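# Coordinate analysis (summary)
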Amino acid sequence: MSSFFFLSALFSVFAPLPLLIFYLRSSLPLLIAAIVSNTIVVGLLSGLWSAALFAVLVGITTMAIAYGMVQKRLSLEKTIGYALILIIGILGGLSYAMLVEKDSTWVMSIRETFYEVSKQVHELAQKSGGEWVDIPLGDFQKDLLSEVPASFAIVVLIVMWINVSILLSLNPRNIRKWLGMDARYFRRWRAPEFLVWPTILFGAASIWGQGWVGSFSIGILKFLLTIYALQGISVLAFFLDRLKIFGFLRSLIYLAVLLAMSPLIVGVGFFDLWFDFRSKFRQT
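Scoring rules and cut-offs
- Residues numbered from 1 in each chain as written.
- Predicted model: local features only at pLDDT ≥ 70, side-chain atom pairs only at ≥ 80, totals over all residues.
- Heavy atoms only, no water.
- Axes fitted to C-alpha atoms, helices over the stretch in contact; angles between N-to-C directions.
- Helix = DSSP H or I, 4+ residues; strand = E, 2+ residues; numbered from the N terminus.
- Parallel < 35°, antiparallel > 145°, perpendicular 65-115°, else oblique.
- Contact = heavy atoms within 4.5 Å.
- Nonpolar A, V, L, I, M, F, W, Y, C, P; charged D, E, K, R; others polar.
- Polar contact = N/O pair within 3.5 Å; in protein donor to acceptor, adjacent residues only side chain to side chain.
- Salt bridge = Lys/Arg side-chain N within 4 Å of Asp/Glu carboxyl O.
- Buried < 20%, exposed > 50% of the residue type's maximum accessible area, 1.4 Å probe, protein only.
- 1 Å grid on protein atoms, 1.4 Å probe; cavity = no way out; pocket = protein on both sides within 12 Å on 5 of 7 lines; lining within 4 Å.
- Points joined across faces, edges and corners; volume = space filled by probe spheres on them.
- Bend = angle between axes of the 7 residues up to and from the residue.
- Phe/Tyr/Trp six-rings, centres within 6.5 Å; stacked < 30°, edge-to-face > 60°.

Now for the packing of helix H11 (residues 212–242) against helix H13 (residues 262–275). At a closest axis distance of 7 Å, the pairing of H11 and H13 adopts a crossing angle of 85 degrees. Considering their axes alone, H11 and H13 lie roughly perpendicular with respect to each other. Together, Leu-225, Tyr-228, Ala-229, Gln-231, Gly-232, Ile-233, Val-235 and Leu-236 of H11 and Ile-265, Val-266, Val-268, Gly-269, Phe-270, Asp-272 and Leu-273 of H13 make up the contact between the two elements. Counted by class, the contact of H11 with H13 contains eleven nonpolar, three polar and one charged residues.

Following this line, the structure appears as structure tokens:
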């Protein structure tokens, strides 16, 4: 089922969930076998690169949650951190291999795929207008390539966050008791306080930095702001619980906030570290 979630595109973010539920009812070796078999299914149905993406995005995140968070009882923050470090190491090794074997067939295949995809995206951007109208294809490809690491890290963060949240809600095999968490863990969650200073530092570097320094800083800043967006959503979830807003209306509020007021939700998450909005509501 995980492979079909992944291939559906719409439900791809939930792809680790069936594997995690299967793990809680079996064992770690069987989970590894399930990940391998699902990777093969994705490869047969959608090609080698889709299988590689499934193995990295779904396989590693699932193993990180199963082994790190469930078996070793690491915190959510450490679990996500170790998963990102492992994925960055894999991508770094792949990048190095591409530099060493730049004339090999598989490297040329990756370059051709990237060129075709970026060309199509560039054409759509030109038609839709906005900031990309006057950007040549070469510069667009460089900007797009510089966005890939941060975008991938953000996707991994969101995928792990969503699947752990659903897992705690479903509570298979009484997992909440095992982890020492409750269903409202994410309503109380706060980002680590030490992230404030890197956010300010990379924010300044993204404004005044030049060349690769500016591009690198923007990528890191986007990832850090995503963390604060998740904290803002936690604050919003807390207030929706207090106002007893559930079901379809709650989903509409989440959708409206994310689509129309994402800077506001990031700001709420960031300043919650100082103002602690939830504690003030408890006092009243």
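With that settled, consider the environment of Asn-163. Structurally, the position occupied by Asn-163 is in helix H7 (residues 137–170). With residues up to four places along the chain from it excluded, the contact list for Asn-163 reads Val-13, Phe-14, Pro-16, Leu-17 and Leu-20. At 2.9 Å, the side chain of Asn-163 and the backbone oxygen of Val-13 are in polar contact.

What follows deals with the pattern of salt bridges. Here the structure, examined in full by the defined rule, presents five salt bridges. A salt bridge links Arg-188 to Asp-182; its shortest N-O distance comes to 3.2 Å. Among the salt bridges present, the one from Asp-272 reaches Arg-278, with a minimum N-O distance of 2.7 Å. Classification of Asp-272 by relative accessible area gives buried; the value is 0%. For Arg-278, a relative accessible area of 2% gives the class buried.

Let us now look at the layout of surface pockets. Reported here for the second largest pocket is a volume of approximately 790 Å³. Taken together, the elements giving at least two residues each to the lining of the second largest pocket come down to H7, helix H9 (185–188), H11 and helix H12 (247–260). Broken down by element, the lining of the second largest pocket gets its largest block of residues, seven residues, from H11. Considering only residue class, the lining of the second largest pocket consists of 14 nonpolar, four polar and two charged.

A few words on helix H4 (residues 48–71). At Ala-55, H4 shows its maximal kink, close to 25 degrees. After H4 finishes, the residue Arg-73 shows a positive phi value of roughly 55 degrees.

Glancing now at the packing of aromatic side chains. Scanning the model with the defined rule gives 14 aromatic pairs in all. Taking 5.2 Å as the distance between ring centres and 65 degrees as the angle between the ring planes, the aromatic pair formed by Phe-270 and Trp-274 counts as edge-to-face. Of this pair, Phe-270 and Trp-274 are both found in helix H13, four residues apart, which corresponds to roughly one turn of the helix. With relative accessibility at 14%, the residue Phe-270 sits in the buried group.

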